Structures are given as C-alpha cells and as structure tokens.
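This is what each chain is made of:
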Amino acid sequence: MEFTGKTALVTGAAGGIGASLVQRLRAAGARVAVADRSVDGIDAEVHLPGDLLDPTYADALPAKAAEALGSLDIVVNNAGVITRGAVTATSDDDWALSLGVNVEAPFRICRAAIPIMAAAGGGAIVNTASCWGLRPGPDHAIYCMTKAAIASLTQCMGQDHAHQGIRINAVCPNEVNTPMLRSGFAKRGFDPDTAVAELGKSVPLGRIAEPADIADVILFLVSDAARYMCGALVEVNGGKPVQ
Ligand code: NAD
C-alpha cells in the first residue's frame, strides 16, 4: 500500500497499536501527526500532545493536524482505555473516563475532521472498536458498552458521509499484545509473558494478535484498496470470535 502525499492524524500514537500504525503509515510514505498524552520520542512529522478528556483539545486536533500537515486525508481514532468490572463495581470516575476517551473524543474528532475532509473532496477515518463492541465479554460492562457505541457511531457516520467521499470504518480486534492487555495481567498478579502465551492457546491461529496485525488492517481500511468500504466493522480475531 502506497501513501505518498497522504497526511494522517493518529490518536493513542504512543500505545501498542498506535505506535505500530504510525511506523507503518510513515514507512508507506504518509506524513503523520501524532496525538497522545505524551508524544516525546515518537518519530513523526507533527506532534500534538494532550488529554483527549479535554473537549477543547479533541475539538481542535483535526484542524491543528490539517494546518501543520497542509491537509488531512486520514484520521485514526485509536486511543482507548479499559476499565474492568460489572456495573455495580463501576465508579463515576470510571464511567467518565471510559465514555470520555472511547466515545466522546472520537465523536468530537470525527465531527471536526469531516468538514475538513469534505472541503478537500474526501478522506478516510478508522475508529478502533473491539470484538467486545460486537458481542460483549464478561466483567467489562462499561468498556464493552463504549466499544458498542463507537461501532454504532461508525456505522451511522459511514452511511451519512459516504456521499462526501469520506469513508468511515472501524476495526474490531480481539486480544492484542499491547501495554493495555499486559498491564491488565500485571494488575491481577499474572506474569504478562506467561499470560499472553497461555491466552494464545485459546486462539485458533495459535497466538494472540501483535500490534502490527491490527495496524495492517487499519492501513488497508484507510487505503484505496478499501475504496468501496463505508461503515464496516472489521473483526480481526485470529479465528476466535467472542461468543
Ligand atoms: P495502549 O494502552 O497500548 O494504547 C492506548 C493509548 O491511548 C495510550 O498510548 C494512551 O496514552 C492513549 N490514551 C488513553 N487515554 C488518553 C487520553 N485521555 N488522552 C490521550 N491519549 C490517551 O492500548 P492498545 O491496545 O494499543 O489500544 C489501542 C486501541 O485498541 C484502544 O482503543 C483499545 O480499546 C483497542 N483494543 C485493544 C485490544 C487489546 O487487546 N489490546 C483489543 C480490542 C481493542
């Protein structure tokens, strides 16, 4: 896939999937603006650090990226947080954090990016949902709900903005070997390497996903090869769908 001359904004660029995606987009010729709480040390053309819980920051990101890059062809809303527990174990803070990062920030960024892309004749947006947004797993009620919300919003936006030449799709990974998954294991007292290897045995392909496995699917979705895809929820699960 060839992205020479293309410009992209990636949120969560310091995380597992985000870092791999930025590296791959740039290797394929794109110029990239990276957003995360800290973007120190990330190789990219534009650095836009900030907290996605700040509505002013999220609202302004697409325009800032477009201004600094000269255009904005691609947006990937990849940042996310996971909170564990049933509804009865969910604090107000967990609720606000999960909704804020996983739903409100992508909403704000899409709302701001779409007019910029429409004025330029089109663009591509990918939101990172999850298998758990399609079929919820146990003990992560609010996380699953936020991923279902962003999946639904993606389907709606995919329909509503196709006529402007803007393709909006979502990637829905199952387990990925990133800091998000590994820190969850560590918090629960498991050795992350052992837990990742154990979990891999439950996947028909024999391993959980590496960040690049997901980044490559995102690359496809924002590329011309996916030119007829709008509002799709693309599950990436190594043969292990959530039941
Ligand atoms: P990660 O924790 O490695 O990366 C997430 C990034 O988002 C981090 O760099 C973090 O700093 C950033 N972020 C979080 N809150 C932020 C905020 N308030 N402001 C700015 N940035 C913020 O996790 P990852 O696994 O690479 O996750 C990427 C996406 O993939 C997430 O949306 C996640 O929900 C989704 N996902 C992950 C898995 C998995 O198993 N790892 C499975 C399905 C979906």
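The chain is annotated in an unreviewed UniProt entry as NAD(P)-dependent dehydrogenase, short-chain alcohol dehydrogenase family from Ruegeria halocynthiae. Within the UniProt record for the chain, the comment given under Sequence similarities (unreviewed entry) is "Belongs to the short-chain dehydrogenases/reductases (SDR) family."

Caption draft 1: Local environment of the domain arrangement of the chain. One can read the domain layout of the chain as domain 1 (7-174 + 211-236) and domain 2 (175-208). Computed from C-alpha coordinates alone, the two centres of domain 1 and domain 2 are separated by 23 Å. Counting from both sides, the interface comprises 12 residues of domain 1 and, opposite them, eight residues of domain 2. Contact between domain 1 and domain 2 buries roughly 760 Å² in total, counting both sides, with carbon and sulfur atoms accounting for 59%. Here domain 1 is connected to domain 2 by one salt bridge. Between Arg207 and Asp213 there is a salt bridge whose closest N-O contact spans 2.7 Å. Counting across the domain 1 and domain 2 interface gives two residue pairs in polar contact (both at pLDDT 80 or more).

Caption draft 2: Quick peek at the sheet that holds strand 1 (residues 7-11). Across the sheet, seven strands lie side by side as 3-2-1-4-5-6-7; this open sheet has parallel pairing. On the outer flanks of this sheet lie strand 3 (46-47) and strand 7 (233-236), each paired with one strand and no other. With six bridges connecting them, strand 5 (residues 123-128) and strand 6 (residues 166-173) associate as parallel partners. Note on strand 6: the bridge partner recorded for Val126 is Asn169.

Caption draft 3: Main features of the site of the ligand. Near the ligand, the surroundings consist of 29 residues, among which Asp36, Asp51, Tyr143, Val176 and Thr178 are the closest. With respect to the ligand, the side chain of Lys147 contributes an N or O atom lying 2.9 Å from an oxygen atom. In this structure, an oxygen atom belonging to the ligand sits 2.5 Å away from a side-chain N or O atom of Thr178. About the coverage of the ligand: the protein hides 92% of its 830 Å² of free accessible area. According to the grid-proximity analysis, the pocket containing the ligand is the largest pocket. Contributions of two or more residues to the shell around the ligand are made by helix 1 (16-27), helix 5 (141-160) and helix 6 (179-187). Examining the composition of the shell around the ligand, we find that three residues originate from one element, helix 6, more than from any other. Its residues assigned to classes, the shell around the ligand shows 14 nonpolar, 10 polar and five charged. Two domains each provide a minimum of three residues to the shell around the ligand, namely domain 1 (7-174 + 211-236) and domain 2 (175-208).

Caption draft 4: Up close: the packing of helix 1 against helix 8 (residues 211-222). Two elements in contact, helix 1 and helix 8, have axes separated by 8 Å at closest approach and are oriented at 55°. What the angle tells us is that helix 1 and helix 8 run oblique. When you trace helix 1 past helix 8, the crossing you get is right-handed. Contacts between helix 1 and helix 8 involve Gly16, Ile17, Ser20, Leu21, Arg24 and Leu25 from the first element and Pro211, Ala212, Ile214, Ala215, Asp216, Ile218, Leu219 and Val222 from the second. Classifying every residue of the contact of helix 1 with helix 8 by side-chain character gives 10 nonpolar, two polar and two charged.

Caption draft 5: Quick peek at the layout of surface pockets. The computed volume of the largest pocket comes to approximately 1,400 Å³. Lining of the largest pocket is provided by 47 residues; of these, Val81, Ile82, Tyr143, Met180 and Leu181 occupy positions nearest its centre. Class assignment for the residues of the lining of the largest pocket results in 21 nonpolar, 15 polar and 11 charged. Each of domain 1 (7-174 + 211-236) and domain 2 (175-208) contributes no fewer than three residues to the lining of the largest pocket. Considered as a void within the structure, the second largest pocket measures approximately 210 Å³ in volume. Lining the second largest pocket are 14 residues; nearest its centre among them are Lys6, Ala124, Arg167, Val222 and Asp224. Of the residues in the lining of the second largest pocket, the class split is four nonpolar, four polar and six charged.

What counts and how
- Residues numbered from 1 in each chain as written.
- Predicted model: local features only at pLDDT ≥ 70, side-chain atom pairs only at ≥ 80, totals over all residues.
- Heavy atoms only, no water.
- UniProt positions renumbered as here; feature names shortened; annotations may be inferred.
- Domains from an automatic or database assignment.
- Contact = heavy atoms within 4.5 Å.
- Buried area = accessible area lost by both parts, 1.4 Å probe.
- Salt bridge = Lys/Arg side-chain N within 4 Å of Asp/Glu carboxyl O.
- Polar contact = N/O pair within 3.5 Å; in protein donor to acceptor, adjacent residues only side chain to side chain.
- Pairing = 2+ DSSP bridges.
- Helix = DSSP H or I, 4+ residues; strand = E, 2+ residues; numbered from the N terminus.
- Near = heavy atom within 4 Å.
- Areas by Shrake-Rupley, 256 points an atom, 1.4 Å probe, with all protein chains shown as cover.
- 1 Å grid on protein atoms, 1.4 Å probe; cavity = no way out; pocket = protein on both sides within 12 Å on 5 of 7 lines; lining within 4 Å.
- Sits in = over half its atoms within 2 Å of the grid points.
- Nonpolar A, V, L, I, M, F, W, Y, C, P; charged D, E, K, R; others polar.
- Axes fitted to C-alpha atoms, helices over the stretch in contact; angles between N-to-C directions.
- Parallel < 35°, antiparallel > 145°, perpendicular 65-115°, else oblique.
- Left-handed = near helix turned anticlockwise from the far one by under 90°.
- Points joined across faces, edges and corners; volume = space filled by probe spheres on them.

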